[in-house]
Structure formats: C-alpha cells, structure tokens
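# An overview of the molecular structure
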Amino acid sequence: MNFTNFGRYILLLKSVFRKPEKLKIYLKEIAKQMDYVGVGSLGLIAIISTFIGAVMTLQIAFQLVSDFIPKTIIGSVNRDSSILELSPTISAIVLAGKIGSAISSEIGSMRVTEQIDALEIMGINAPGYLILPKIISGITMVPMLVIISMFLSITGGYIGGSVSGAVTPAEYIQGITTDFNPYTITVALVKAFVFGFIITSVPAYEGFYVRGGALEVSQASTRAVVISCISILACDYIVTQLLL
C-alpha cells in the first residue's frame, strides 16, 4: 500500500466514523455482521485451534530430549505460545482469508453495479453504512474468537499429549497452571482488537475503490487478503515490541 493509497484509506476511515443518520438501521446491520464474523467463523477457528494445540504439544515433546527438564514444561510452553502468538495471529490470518475476501467482494460488487453511487445520490453516507458495522463486528467478535481459540488450543494440547503419550494429563495440567502470567491474555486481546480492525477495514477499502468489472473485483479481493495478512504480521511485531 503506497502513500497515495494510505491517504485514501485514512480519508475513507474519516467518512466511515462520521455520525450516522439513523442509528436503528446501523444496529440491525451490526448484529447481522456480528453473526457472520463471530458465529459463522466459530467452527473453522475451533478445528484449527484444537489441531494446532495438539501439534504444538507433540513438537515441544519431540524437541525436549534432556532428562533434566521436567515434562511439565510442555504445558507451560504450549500455553504461552497459544495465548501470545498462535491463537491471535493464526486466527487473524485465517479470518483475513475468509472474512476479508467476502467483504471486499461484497463492497466491490456494489461499486461496479453502481449501488454505492445510488446510496450517495440518496444522501446516505455510503462508507459509514457499508463499512462501519463490519469494523465494529470485527473489533468485538475477533477478540471473542481469539479467547475461544486460546482455550481450545490448550485443550487440544492436552488431548494430543494424552493420546500420543508424549506427556501425562497430570504433568500437562501442572504445566499450564504453573507460573501463569495473566498479562499475556491482555497482550493477546490487544492484538486481536488491532487484527479485527485490519481484517475488516483493509478489504472494505479495496472493495470500495474498485473500478471495472468482475475481474477487477476478484483481483481486489485477492489484493485485500494479501495486504491484510502482511499488515497483521507487521502489527503483530509492533504490538509485541510495545507491550512485552
């Protein structure tokens, strides 16, 4: 995203956060988007988180070759990795592909079929009406999905360790309950909030300014996912640097 595009992105956000005309219409759209972003993505996040937790436990156990290191460390490492990095970042990248492409395609299709122009002619703040509910749903539902992902990732580690015999259930539970720092959850939720904003606002920008036809809409959708993923990884580094 070059400086021209970044400037247009900031100006679009300025229009998005302008005072809405009718709050009732916005609330209905926000509820609809929350259902799509949150409930609609729950199954996908659950499956990915559980398997990532299980795989992480096996990999940590494989690398733990020293007899002097207690096996309880497997639970501790899996817990901190899941909370700080895997749950927020992997969930965000998966959601960028699922939600980001859908948002970009939806708004892009409205642009090329001149529906957005019709809204603006009627005096409706098109950026606010189309994008604000999506951003609000992103910054509220993505943190909730990340909390669920943390729990399922740690649970997946427990299941993976127990089934494979890499670590006993008692050792794993002792590991995840020893020396727990609640601040790690705060860091993860800050990341989730930032990622939720990126996942919804960047694809909305790409779709809103698309020009052409169906081909350009699909290209904008692909570009939105790529830029969202890069932005998520960049912001992941920045937030980690600032908070840890």
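What you are looking at is a predicted structure, and each value in this text was computed from that prediction instead of being measured. For every chain, the first residue of its written sequence is number 1, and the numbers climb from 1 along that sequence. Only residues with pLDDT of 70 or above have their local features reported here, since the model is predicted, and side-chain atom pairs are shown and tallied only from 80 upward, although totals for entire chains, interfaces and linings are computed over all residues. The basis for every side-chain value is the complete set of non-hydrogen atoms in the structure, without hydrogens or water.

## Considering the nonpolar core
In plain words, nonpolar cores are sets of buried Ala, Val, Leu, Ile, Met, Phe, Trp, Tyr and Cys residues tied together by side-chain atoms within 4.5 Å. Here's how the labels work: a residue is buried when its accessible area is under 20% of the maximum for its type, exposed when over 50%, partly exposed in between, all with a 1.4 Å probe on protein chains only. By size, the foremost hydrophobic cluster in this structure holds 49 residues, and its most contacted members are Leu95, Ile107, Ile116, Ile131, Ile199, Phe208 and Ile232. By the criteria applied, helices consist of DSSP H or I runs no shorter than four residues and strands consist of E runs no shorter than two, each listed in order from the N terminus. Taken together, the elements giving at least two residues each to this core come down to α1 (3-16), α2 (23-63), α3 (72-112), α4 (115-121), α5 (126-164), α7 (183-208) and α8 (214-243). At 11 residues, the largest contribution of residues to this core is made by α5. With residues near it in sequence (within four places) discarded, Ile232 still touches Ala92, Ile93, Ala96, Phe195, Ile198 and Ile199. For this analysis, residues touch if any pair of their heavy atoms sits within 4.5 Å.

## Re the packing of aromatic side chains
Pairs were defined over the aromatic rings of Phe, Tyr and Trp, the Trp ring being its six-membered one, requiring ring centres within 6.5 Å. Orientation was assigned from the angle between planes: stacked under 30 degrees, edge-to-face over 60, tilted for the rest. Throughout the structure, instances matching the rule amount to six aromatic pairs. Here Phe6 and Tyr9 contribute two aromatic rings whose centre-to-centre distance is 6.4 Å and whose plane-to-plane angle is 35°, an arrangement assigned as tilted. Here Phe6 and its partner Tyr9 are both found in helix α1, three residues apart, which amounts to about one turn of the helix. The partly exposed category is assigned to Phe6, whose relative accessible area is 43%. Overall, Tyr9 belongs to the buried group, its relative accessible area being 9%.

Honestly, that's just the spatial picture; any functional story needs more than this.
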